[in-house]
Amino acid sequence: MTKKPKLLSLLDILCLILVPGALVLILFFTPIERVMGPVQKVFYFHVSAAWAGMLSFLIAAVAGGVYLSTRKQKWDWLSLSSIEVGLVFGLIAILSGMIWAQPIWNTWWVWDPRLTTTAIMELIYLAYFILRSSLNTPESRARLGAVYAIVSAATVPLTFFSIRLFRTIHPVVIAAGGSGESAFNMTPRMLLAFFVSLFVFTLLLIDLVWHRSRLARLQAVNRGEGV
Amino acid sequence: MNPFRDYLSAVWNILRKDLQVEWRGRQGVPVMLVFSLLVVFLFNFALQLSPDLQAGLAAGLLWVSLAFASTLGLNRSVSLEQENKAMDGMLMAPVDRSAIYFGKVLSNFSFTFLVGLVLLPVFSLFYQQNMFKPMLVLVMVLGLGAYTSLGTLLAALSIQTRTRDVLLPVLLYPLALPILIAAVESSRSILAGQPIADYQSWMTFLLAGNILFTAAGLMFFETILEE
Amino acid sequence: MPADTMTEMILGFSVIMGVLVVYILTLAARIRRAQAKDEFSSENQSES
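Bear in mind that the values here come from a model prediction, so they are computed numbers and not experimental data.

1. Here's the deal with the overall build of chain B
- Across its full length, chain B holds 8 helices and 0 strands.
- Traced from its N-terminal end to its C-terminal end, chain B shows the element sequence α-α-α-α-α-α-α-α.
- For 227 residues, the compact-globule estimate of 2.2 N^0.38 gives 17 Å, and chain B sits close to it at 18 Å.
- With respect to the principal axes defined by its C-alpha atoms, chain B has extents near 55 × 35 × 30 Å.
- Expressed as a percentage of the 227 residues in chain B, the buried residues total 51%.
- Within chain B, residue pairs in contact and separated by at least 24 positions form 81% of the contacts whose partners lie at least 6 positions apart.
- Counting every atom, chain B has about 10,300 Å² of accessible surface; 67% of that belongs to carbon and sulfur.
- Distance from the positive charge centre (13 side chains) to the negative charge centre (14 side chains) of chain B: 6 Å.

2. Points about the overall build of chain A
- A tally of helices and strands in chain A yields 6 helices and 0 strands.
- Each helix (α) and strand (β) of chain A, taken in turn from the N terminus, gives the series α-α-α-α-α-α.
- A burial count over chain A gives 52% of its 227 residues as buried.
- Counted over contacts in chain A with a minimum sequence separation of 6, partners at least 24 positions apart contribute 76%.
- Accessible area for chain A stands at about 10,300 Å²; split by element, carbon and sulfur atoms hold 69% of it.

3. A look at a nonpolar patch on the surface
Residue and element names in this part refer to chain B.
- Taken together, the side chains of Phe41, Phe45, Leu125 and Phe126 define a hydrophobic patch exposed on the protein surface, amounting to about 450 Å² of accessible area.
- Mapped onto the nonpolar patch, the elements with two or more residues apiece are α2 (29-46) and α5 (97-126).
- Relative to the helices and strands, phenylalanine 126 is located in helix α5.
- Residue classification places phenylalanine 126 among the partly exposed residues on the basis of a relative accessible area of 30%.

4. Section: the packing of aromatic side chains
Residue and element names in this part refer to chain B.
- All told, the structure shown has 18 aromatic pairs over all chains when counted by the stated rule.
- Arranged with centres 6.2 Å apart and planes meeting at 45°, the rings of tyrosine 101 and phenylalanine 102 form a pair that is tilted.
- Judged by relative accessible area, phenylalanine 102 falls into the partly exposed class, the value being 25%.

5. Some remarks on the arrangement of the chains
- Counting contacts across all 2 pairs of chains found in contact, the highest total belongs to chains A and C.
- Spatially, chain B and chain C are disjoint, and the shortest separation between their C-alpha atoms is 24 Å.

6. Side note on the packing of helix α6 (residues 134-158) of chain B against helix α8 (residues 196-225) of chain B
All names here are of chain B.
- Between α6 and α8, the least distance of the axes is 9 Å, while the angle of their chain directions is 25°. By the angle between their directions, the pair α6 and α8 is classed as roughly parallel. Crossing angle aside, the handedness with which α6 passes α8 is left-handed.
- Of the residues contributing to the contact of α6 with α8, the split by class is 19 nonpolar, 7 polar and no charged.

7. Side note on the confidence of the model for chain B
- Mean pLDDT over chain B: 87, with 98% of residues reaching 70 or higher.
- The secondary-structure element of chain B with the lowest mean pLDDT is helix α4 (residues 86-92) of chain B, recorded at 76, while α6 of chain B shows the highest, at 93.

8. Quick word on the interface of chain A and chain B
- Residue-level contacts link 27 residues of chain A with 29 residues of chain B.
- Between chain A and chain B we count 0 salt bridges in total.
- Joining chain A to chain B, the criterion identifies 5 residue pairs in polar contact (both at pLDDT 80 or more).
- Those elements that provide at least two residues to the side of chain A that touches chain B are α4 (113-133) and α5 (138-165) of chain A.
- Counting residues per element, the side of chain A that touches chain B draws most heavily on α5 of chain A, which supplies 15 residues.
- Of the residues assigned to the side of chain A that touches chain B, the class counts are 17 nonpolar, 7 polar and 3 charged.

9. Considerations on the nonpolar core
- Judged by nonpolar contacts, the single largest core of 98 residues is most densely connected at Tyr148 of chain A together with Trp63 and Leu154 of chain B.
- Top element by residues in this core is α6 of chain B. It accounts for 13 residues.
- Once you skip the residues sitting within four places of it in the chain, tyrosine 148 of chain A turns out to touch Ile124, Ala127, Tyr128 and Leu131 of chain A together with Leu154, Leu171 and Leu175 of chain B.
- Residues Val47, Ile92, Ala193 and Leu208 of chain A belong to the second largest nonpolar core, which totals 44 residues.

10. Some points on the packing of helix α2 (residues 42-70) of chain A against helix α6 (residues 188-222) of chain A
Residue and element names in this part refer to chain A.
- Two elements in contact, α2 and α6, have axes separated by 9 Å at closest approach and are oriented at 40°. Two packed elements cross with a definite hand, and for α2 against α6 that hand is right-handed. Listed contacts from α6 to Phe43, Tyr44, Phe45, Val47, Ser48, Ala49, Trp51, Ala52, Leu55, Ser56 and Ile59 of α2 are Met190, Ala193, Phe194, Ser197, Leu198, Phe201, Thr202 and Leu205.
- In terms of residue class, the contact of α2 with α6 is built from 15 nonpolar, 4 polar and no charged.

11. Section: the interface of chain C and chain A
- Taken residue by residue, the interface counts 25 residues in chain C and 37 residues in chain A.
- One can count 1 salt bridge joining chain C with chain A.
- Counting every contact that joins chain C to chain A gives 5 residue pairs in polar contact (both at pLDDT 80 or more).
- When grouped by side-chain class, the residues that make up the side of chain C that touches chain A number 17 nonpolar, 4 polar and 4 charged.

12. With respect to the pattern of salt bridges
- Within the structure shown, the criterion is met by 11 salt bridges over all chains.
- The residue arginine 212 of chain A makes a salt bridge to glutamate 84 of chain A at a minimum N-O spacing of 2.8 Å. You can see arginine 212 of chain A sitting in helix α6 and its partner glutamate 84 of chain A sitting in helix α3 (residues 73-104), a full 128 residues away along the chain. Here the two residues arginine 212 of chain A and glutamate 84 of chain A agree in accessibility, since each one is buried.
- Note that glutamate 84 of chain A is salt-bridged to arginine 30 of chain C, the shortest N-O span being 2.6 Å. Here glutamate 84 of chain A, found in helix α3, pairs with arginine 30 of chain C, found in helix α1 (residues 6-47), and the two come from separate chains.
- Salt bridges sharing partners connect three or more residues here, namely Lys17, Asp18, Glu81 and Lys104 of chain B.

Reading the values: the criteria
Residues numbered from 1 in each chain as written. Chains lettered and ligands numbered in written order. Predicted model: local features only at pLDDT ≥ 70, side-chain atom pairs only at ≥ 80, totals over all residues. Heavy atoms only, no water. Helix = DSSP H or I, 4+ residues; strand = E, 2+ residues; numbered from the N terminus. Rg over C-alpha atoms; globule rule 2.2 N^0.38 Å. Buried < 20%, exposed > 50% of the residue type's maximum accessible area, 1.4 Å probe, protein only. Contact = heavy atoms within 4.5 Å. Areas by Shrake-Rupley, 256 points an atom, 1.4 Å probe, with all protein chains shown as cover. Lys, Arg positive; Asp, Glu negative; His and termini not counted. Charge placed at Lys NZ, Arg CZ, Asp CG, Glu CD. Patch = residues over 30% accessible without salt bridge, like charges linked within 9 Å, V, L, I, M, F, W, Y side chains within 5 Å. Salt bridge = Lys/Arg side-chain N within 4 Å of Asp/Glu carboxyl O. Phe/Tyr/Trp six-rings, centres within 6.5 Å; stacked < 30°, edge-to-face > 60°. Axes fitted to C-alpha atoms, helices over the stretch in contact; angles between N-to-C directions. Parallel < 35°, antiparallel > 145°, perpendicular 65-115°, else oblique. Left-handed = near helix turned anticlockwise from the far one by under 90°. Nonpolar A, V, L, I, M, F, W, Y, C, P; charged D, E, K, R; others polar. pLDDT = per-residue confidence, 0-100. Polar contact = N/O pair within 3.5 Å; in protein donor to acceptor, adjacent residues only side chain to side chain. Core = buried A, V, L, I, M, F, W, Y, C linked by side-chain atoms within 4.5 Å.

Below you can see the structure in the form of structure tokens.
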């Protein structure tokens, strides 16, 4: 086992400070939204988790592409790890969204396209693990996993475009030009909390993926696959 | 002979071979057809559908039965080549492997399209509305084209696994969802007699799906079949 | 007058932090197990 890099330890400490820090910032320093009340505060982490999930699936596809052209195992570890961490963030986004929807839309689950597609995305990437587990050699796992990760990521824009065509009741947070009536305006403090959350979740994503890739390498060494 | 002609003749030979196998054995299309009709009957009882079905339900039912039935054909088209190691022989032939992919997509498309064409009069009869509309046939070409080009790629992927063809639906349905949404939405508009402007964007969407998935197949089919 | 949704907010943040903590704990457990195995196999190698 190689020694833990200093940068990773630094990231660990940063995340340990910044995640509770962002939570405190959101809980005590942002105004209470005038219609929805305190539950609106979940939104900062909800969007950040969704963002981190999307970003990690994108990283997984890029890493898959690099694996296919270089055939270096470390890229497969990165791809696999990003997908696993992305699934966790996706789950957080869905669960927090459901809790927000309960008082606001008066239901836990709406067949809103964006909600549905996030759930579908989770299913797509769960299938990734089923695919890997039913392949025998590490090489085929890496190769076919990479192809699947790339094809899946390519369908994500399609799904998002299909949402735009489908009418949606999901609030549009970052809208180009005139947004629907369900959007709400953010005060400067809200914006600050929003961007801080985005930044913190991105750091957390990098930290978790890094740890998970190191685990993947360790497991490969344990199985005697060589590095 | 120029290389392009060679390529086309390779595609044509694969397609012709599949059509001949199907014509002699008649094991693909009839099975798919019976299966799709069974799906229609199951849904009819499970959802207590009325004979004067709304346009939306008829369109949805048509596409769900087509999507389910296609998986049988897709699985068969690759498992057929695994028997007697026919695929190995094809891979040894001095042709670009994407030609194999194209040929397979064309044959899969022809079979599912044939099933769809038979379903149209059956639906017209069962649900008392005229389903024979040129635009609906066009939507079927576009929708099934995108669906089978993605499906052929994923079928080649799932046949590599230990579980063989069991995996295909799990991989295919979530990834094909945007295509199915677009196909159902445009079919619904057509059956409701809306003007083209209402569903034009869905048709463009299907066209984009065709291009994207065919490109993915061209890029990755060789990688998937690598030994 | 904002809606009183304090309970939902608390529930929301506990679920978010809960999922994160559970994932981090399982990740740590897996890393520890893999490390133990790694040390075990490298010890065996040095003996032989």
